[in-house]
Amino acid sequence: MVRSRFAPSPTGYMTIGNLRSALYEYLIAKRDGGVFILRLEDTDQARYVEGAAEAIFETLRATGLHFDEGPGVGGDYGPYIQSERKDSYLPPALQLVANGKAYYCFCEKDRLDTLADERGLKKYDRHCLQLPPEEIKSRIDSGAAYVIRQLIPDGATTFNDQVFGTITIDNAEMEDQILLKSDGMPTYNFANVIDDNAMAITHVVRGSEYLTSTPKYVLLYEALGWPMPLFVHLPLLQNPDGTKISKRHGAKSIVELIADGYLPEAIINYAAFLGWSPGGDHATREIFALDELIKIFDAAQISRSPSTFDETKLKWMNAEHIKALPPEKYAALALPHLRQVVKTPNIDLTELARITQSRVTFISDCAEMVDFIDAIPPYDIDLYTHKKMKTDAAIAVQGLQAAQAAFQQIPAENWTHETLHAAATQAAEAASLKNGQILWPIRTALSGKPTTPCGATEIAALLGRDKTLQRLEAGLALLAAAQG
Ligand code: GLU
């Protein structure tokens, strides 16, 4: 059975890159009916950022990437947290020492600071590897501080990555890294391997920045005689200008993107496409819900070329996901925004929501679209001129007069979009005007805006009889005043 894990360090907020790793881990597990685990890698307490763990939980909850397992009772389990598993790292470290694959090191910081290899890089010089066993024992017994280091063997290390293929690294490139620190805490690199084995992880999915650390992990698996998981390293993520996307370079967090108005389902959909795309029957489709992604995601199709985070594309996906929302759900999300700008009683806000749903990029956009309902903004009579509609100020006077006469005949109880539309087009015909030559002026007089989320007679229906007739009159007055 597939067992995958998302293993973030709570050292900052979650970027789109972190979310992509979590999503791919989730999809690989779920596609196979497997288990998805959340493990907080918090052994480097110095880098701990207040609130980072909470942001991780919140992001996974909001995006629907629920984890399946963890310590705790019943359904009330939490994620695995490395700092709470401190005791599980010493035994494998001691096992490695006993097998000659790791060794005690008592070197102090001052000494380590003087080390530099031929390239000027600090690399441990194996000073303590030569210590006789009795000396090691007496130093430990006397309470001297020590770390345990991995002994990197001679030769080369080869491993296979699902995305990047077979990779071979000269072991001389690697340092005898610290596995257990002097405070007894494991280093991130050690805890990561111990826990992946303890949690029977079959698929290790993470950003390609970890490719260079993977040989050290491979050597640890080999030294401990443990089965190797499948490594899946994800392509680099870049900004459109080629710079790396990272917390340090100011990338937005997922929590911020959601606060900006991106739907979690759009963010998930977008993250899925950062380095993967469906082939076959779905090759041209781009909009998918999480449960659909589970069915079609295939790690074999992950690309190794860098992918670009393009907010324009994310905006487009957001609009598509908003269109796909059930109307009642959209209305529930839009109503608070609509209420901010529409205070006029008896305006059907649900209808306003319906009208805006297919036109917004962010749900909050709906407010600006209908801000003319309560009061018309000041507008210039040039707005009556529209080339394609063949209207100008003079035609608008005719159009508005015809509309006014026609609408006055319609009683409030028949004041519907259909009746108004029929009346407007009949009035246009009777006045030898094209439909646009009556509808454009009506729309302008009723909204004062060049773009509206619906047509002239839908606006009239929404505004109601009194407001409509008042605004037609005001439009005519404006035109009359301008023409002197
Ligand atoms: N703790 C690492 C991080 O925050 C995860 C590396 C891994 O998935 O193995 O990116």
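Being a predicted model, the structure only gives us computed values, none of them experimental. (Residues numbered from 1 in each chain as written. Predicted model: local features only at pLDDT ≥ 70, side-chain atom pairs only at ≥ 80, totals over all residues. Heavy atoms only, no water.)

Draft legend 1. Region of the structure containing the overall build of the chain. Counting secondary structure elements, the chain contains 19 helices and twelve strands. Here the C-alpha coordinates of the chain stretch approximately 110 × 45 × 40 Å along the principal axes. Across the 484 residues in the chain, those meeting the buried criterion constitute 49%. A separation of at least 24 residues holds for 75% of the contacts in the chain among residues at least 6 apart in sequence. By element, 52% of the accessible surface of the chain is carried by carbon and sulfur atoms, the whole surface being about 22,900 Å². When the 47 basic and 61 acidic side-chain charges of the chain are each reduced to a single mean position, those positions are 2 Å apart. (Helix = DSSP H or I, 4+ residues; strand = E, 2+ residues; numbered from the N terminus. Buried < 20%, exposed > 50% of the residue type's maximum accessible area, 1.4 Å probe, protein only. Contact = heavy atoms within 4.5 Å. Areas by Shrake-Rupley, 256 points an atom, 1.4 Å probe, with all protein chains shown as cover. Lys, Arg positive; Asp, Glu negative; His and termini not counted. Charge placed at Lys NZ, Arg CZ, Asp CG, Glu CD.)

Draft legend 2. Here's a closer look at unusual backbone geometry. Backbone geometry at Ala-200 places phi at a positive 50 degrees, although glycine is not the residue there. Checked against the element boundaries, Ala-200 lands in the loop between helix 6 (188–198) and strand 9 (203–207). What makes Ala-200 partly exposed here is its relative accessible area of 41%.

Draft legend 3. The pairing of strand 5 (residues 147–150), seen in detail. On strand 5, burial covers both faces: Val-147 and Arg-149 on one face and Ile-148 and Gln-150 on the other are all buried. As paired elements, strand 4 (residues 102–105) and strand 5 share four bridges and run antiparallel to each other. Looking across to strand 5, one finds that Ala-102 is bridged to Gln-150. Where strand 5 and strand 8 (residues 178–180) come together, two bridges link them in antiparallel fashion. If you follow Arg-149 over to strand 8, its bridge partner there is Ile-178. (Pairing = 2+ DSSP bridges.)

Draft legend 4. Looking closely at the site of the ligand. The environment of the ligand is made up of Arg-5, Ala-7, Pro-8, Ser-9, Glu-41, Tyr-188, Asn-192, Arg-206 and Tyr-210. The separation between an oxygen atom of the ligand and a polar side-chain atom of Arg-5 is 2.7 Å. Interatomic distance of 2.9 Å between a side-chain N/O atom of Asn-192 and an oxygen atom of the ligand. Taken by itself the ligand offers 290 Å² of open surface, and the protein chains cover 87% of this. Looking at the shell around the ligand residue by residue, the class counts come to four nonpolar, two polar and three charged. (Near = heavy atom within 4 Å. Polar contact = N/O pair within 3.5 Å; in protein donor to acceptor, adjacent residues only side chain to side chain. Nonpolar A, V, L, I, M, F, W, Y, C, P; charged D, E, K, R; others polar.)

Draft legend 5. Spotlight on the side chain of Asn-192. By the element assignment, Asn-192 lies in helix 6. Accessibility expressed as a relative area gives 2% for Asn-192, which makes it buried. Not counting residues within four places of it along the chain, the set of residues in contact with Asn-192 comprises Arg-5, Arg-39, Glu-41, Gln-82, Arg-206 and Tyr-217.

Draft legend 6. View of the sheet that holds strand 4. Pairing within the open sheet is antiparallel, and its three strands lie in the order 4-5-8. The open sheet is flanked by strand 4 and strand 8, the only strands paired with a single partner. Between one strand axis and the next, the sheet turns by 40 degrees as a mean value, whatever way the strands run. (Axes fitted to C-alpha atoms, helices over the stretch in contact; angles between N-to-C directions.)

Draft legend 7. Broad picture of the nonpolar core. If you look at the biggest cluster of nonpolar residues, it comprises 90 residues, and the most contacted ones within it are Ile-16, Leu-23, Leu-65, Phe-190, Trp-276 and Ile-302. Grouped together as the second largest cluster of nonpolar side chains are 57 residues, Leu-338, Ile-395, Ala-406 and Trp-415 included. (Core = buried A, V, L, I, M, F, W, Y, C linked by side-chain atoms within 4.5 Å.)

Draft legend 8. Spatial organisation of the packing of helix 1 (residues 16–31) against helix 9 (residues 264–272). Between helix 1 and helix 9, the shortest axis-to-axis distance is 9 Å and the interhelical angle comes to 80 degrees. Accordingly, the angle class assigned to the pair helix 1 and helix 9 is roughly perpendicular. Between helix 1 and helix 9, the contacting residues are Ile-16, Leu-19, Arg-20, Leu-23 and Tyr-24 on the first element and Ile-267, Ile-268, Tyr-270, Ala-271 and Ala-272 on the second. Grouping the amino acids of the contact of helix 1 with helix 9 by side-chain chemistry returns nine nonpolar, no polar and one charged. (Parallel < 35°, antiparallel > 145°, perpendicular 65-115°, else oblique.)

Draft legend 9. Spatial organisation of the pattern of salt bridges. Going through the model one piece at a time under the given rule, you end up with 22 salt bridges. Between Asp-195 and Arg-85 there is a salt bridge, and its shortest N-O distance comes to 3.0 Å. With a gap of 110 residues between them, Asp-195 in helix 6 and Arg-85 in the loop between strand 3 (80–81) and helix 3 (90–98) connect regions that are remote in the sequence. The shortest N-O distance in the salt bridge between Lys-313 and Glu-286 comes to 2.4 Å. Linking Lys-313 in helix 11 (residues 311–323) with Glu-286 in the loop between helix 9 and helix 10 (290–296), this pair joins segments that are 27 residues apart in sequence. (Salt bridge = Lys/Arg side-chain N within 4 Å of Asp/Glu carboxyl O.)

Draft legend 10. Expanded view of the environment of Phe-273. Within the secondary structure layout, Phe-273 lies in the loop between helix 9 and helix 10. Expressed as a C-alpha distance, the spacing of Phe-273 and Asp-87, which sit 186 residues apart in the sequence, is 40 Å.

Draft legend 11. Region of the structure containing the packing of aromatic side chains. Going through the model one piece at a time under the given rule, you end up with 14 aromatic pairs. The interplanar angle of 80 degrees and the centroid separation of 5.6 Å between the aromatic rings of Tyr-270 and Phe-309 together place this pair among those described as edge-to-face. Residue Tyr-270 is located in helix 9, and its partner Phe-309 is located in the loop between strand 12 (307–308) and helix 11; the two are separated by 39 residues in the primary sequence. When its relative accessible area of 4% is taken as the criterion, Tyr-270 is described as buried. Here Phe-309 falls in the buried class, since its relative accessible area comes to 12%. Between the aromatic rings of Phe-273 and Phe-288, the centroid separation amounts to 6.1 Å while the plane-to-plane angle is 20 degrees, which identifies the pairing as stacked. In this pair, Phe-273 sits in the loop between helix 9 and helix 10 while Phe-288 sits in the loop between helix 9 and helix 10, placing the two residues 15 residues apart along the sequence. For the pair Phe-273 and Phe-288, a shared accessibility class is recorded, and that class is buried. Aromatic ring contacts, followed pair by pair, group Tyr-24, Phe-273, Trp-276, Phe-288 and Phe-297 into a single cluster. Here the basic side chain of Arg-149 rests over the ring of Tyr-124, its NZ or CZ set 3.7 Å away from the ring centre. (Phe/Tyr/Trp six-rings, centres within 6.5 Å; stacked < 30°, edge-to-face > 60°. Lys NZ or Arg CZ within 6 Å of the ring centre and 35° of its normal.)

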